[in-house]
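# Coordinates in review
Below are the chains, spelled out letter by letter.
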Amino acid sequence: MQTQVGIVGAGPAGLLLSHLLARDGVASVVLEARSREYVERRVRAGVLEQASVELLNETGLGDRLRREALVHHGIELRWGGARHRIALTDLTGRSIWIYGQQEVVKDLIAARSRAGGDVRFETGVTGVEGIDSPRPRIRYRHRGEEHELACDFVAGCDGSHGISREAVPPSALGTYRHEYPFAWLGILAAVAPSTDELIYASHERGFALHSLRSPEKSRLYIQVEPDADLADWPDDRVWEELRIRLACDGWTLRDGPVLEKSIAPMRSFVVEPMQHGRLFLAGDVAHIVPATGAKGLNLAIHDVHVLARALARWYRRGSADLLDAYSAACLPRVWRAQAFSSSMSTMLHRLPGSDGFLGRLQRAQLEQVSGSEAAARSLAENYVGRPYEQGADQGDAPPR
């Protein structure tokens, strides 16, 4: 079996890459270990930067997004029992959209299906070989049988625990990581949001976040210990903790049935470079950011935007200049997102030592962001994300 680009993973990165390549006449095959139902129901990030929305709209993926996404023009910082709004659009001219990652994935799968795209679910990749040769191969298992896909290039889009990164010799890959001393317990609840904009709360008992998924569903989080056990957090206890941490005068938190509940550690992770030979890494397989900055999904979208442009130029012109520059085009944005997400995390979470010096620093940061237009603008610019740069990461033709 052969194709031009073999894509490992049918998350948003892999599916969007396949979609973008098809628009430029480049063939691809997407291999995904999980079932289609699992991939479409997997709840993940829900904040889209304006640049991400612009790309989805420009490439024919925005119909349902425009109908159903919630457009937000600000976020709220809540601390000391008071509310402080960061007016994103007023400060930057840009906005954010609330639209769950699983909804983006549904739209992508539907688009690939309509176009006759080759997306193979329940197909577990067992190895990536020959990435230093002109014809790398992906080994995979489907329905109990072993198969091999030969291709010109391999795109590893299989997430932080994926197998594609293992194809790179350890000596050729630099790894940077940081573990944060907290985790998030998140719930998806069948209750109308109690807010029109995201609320980030800093409290002496720990961080809390009130997010949204739709007019009928809310997504909420509380800071817990990294080794916390879900069994110790029945629904009533979660709601009570949320009420305490989000409390302020004149505001009430609505509660309702909990549909999903999970605990996720907070960590930062980056590999450099994001390419080796004919293997290119995109999305979570190359970088993880703490969710506080809402950057993970947006970075994945930017990665494959850059990669699709580079591959299209290679097939159009035989030029490898953009492919060679792929990591250099992606990593500055990745590290800016890491810096912002780390700063937001340390400003808002209760940390070891928060009763003393660190607590005073956090208070000073919150006062600066809440009281200085310049500081608020800096936060807003990072939160809404930068427009995609013209030049090396844009290729040489607009999307068709």
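As the structure is a computational prediction, the values presented were derived from the model and not from experiment. (Residues numbered from 1 in each chain as written. Predicted model: local features only at pLDDT ≥ 70, side-chain atom pairs only at ≥ 80, totals over all residues. Heavy atoms only, no water.)

Attention now moves to the overall build of the protein chain. Per the secondary structure count, the protein chain includes 12 helices and 20 strands. Its C-alpha atoms give the protein chain a radius of gyration of 21 Å, within 12% of the compact-globule value 21 Å for 400 residues. The C-alpha extent of the protein chain, read off along each of the three principal axes, is 65 × 45 × 45 Å. Taken over 400 residues, the protein chain has a buried fraction of 56%. Considering only residue pairs separated by 6 or more positions, the protein chain has 71% of its internal contacts joining residues 24 or more positions apart. Accessible area for the protein chain stands at about 16900 Å²; split by element, carbon and sulfur atoms hold 48% of it. Here the protein chain contributes 48 positively and 51 negatively charged side chains, and the mean placements of these two sets differ by 3 Å. (Helix = DSSP H or I, 4+ residues; strand = E, 2+ residues; numbered from the N terminus. Rg over C-alpha atoms; globule rule 2.2 N^0.38 Å. Buried < 20%, exposed > 50% of the residue type's maximum accessible area, 1.4 Å probe, protein only. Contact = heavy atoms within 4.5 Å. Areas by Shrake-Rupley, 256 points an atom, 1.4 Å probe, with all protein chains shown as cover. Lys, Arg positive; Asp, Glu negative; His and termini not counted. Charge placed at Lys NZ, Arg CZ, Asp CG, Glu CD.)

Here we come to helix α6 (residues 101-114). Along its 14 residues, α6 runs 20 Å from first to last C-alpha, staying within 8% of the 20 Å computed at 1.5 Å per residue. Summarising burial for α6: 10 of the 14 residues are buried, a large majority. Those residues of α6 not exposed but buried are Gln101, Gln102, Glu103, Val104, Val105, Asp107, Leu108, Ile109, Ala111 and Arg112. The inward-facing, buried residues of α6 contact α1 (12-23), α2 (36-41), β3 (47-49), α4 (63-68), β8 (118-120) and α8 (296-317). Downstream of α6 by a residue or two, Gly116 has a phi angle that is positive, lying close to 75°. (Expected span 1.5 Å × (residues − 1).)

Tracing the backbone through its elements, the reader meets Ser370 in helix α11 (residues 357-371). Taking the C-alpha atoms as reference points, Ser370 and Pro134, separated by 236 residues in sequence, lie 54 Å from one another. Apart from residues no more than four positions distant in its own chain, Ser370 is found in contact with Trp79 and His84. A distance of 3.2 Å separates the side chain of Ser370 from the side chain of Trp79, its partner in a polar contact. (Polar contact = N/O pair within 3.5 Å; in protein donor to acceptor, adjacent residues only side chain to side chain.)

Read across the open sheet, the three strands follow the order β3-β7-β4; overall the sheet is antiparallel. Whereas interior strands pair on both sides, the edge strands pair on one side only; in this sheet they are β3 and β4 (70-72). Put simply, the sheet's adjacent strands are angled 30° from each other on average, direction ignored. The pairing of β3 with strand β7 (residues 96-98) spans three bridges and is classified as antiparallel. Across the sheet, Leu48 pairs through a bridge with Trp97, a residue of β7. (Pairing = 2+ DSSP bridges. Axes fitted to C-alpha atoms, helices over the stretch in contact; angles between N-to-C directions.)

Sheet architecture is open: six strands sit in the order β8-β2-β1-β12-β19-β18, paired in mixed fashion. The open sheet terminates on both sides in strands that have one partner only, identified here as β8 and β18 (275-276). In this sheet, strand β2 (residues 28-31) lies alongside strand β1 (residues 5-8) in parallel orientation, the contact comprising four bridges. Its bridge partner being in β2, Ile7 is matched across the sheet by Val30. On top of the sheet, α1 reaches β1, β2, β8 and β12 (153-156); it is set at about 160° to β1, its chief contact. On top of the sheet, α8 reaches β1, β12 and β19 (279-281); it is set at about 175° to β12, its chief contact.

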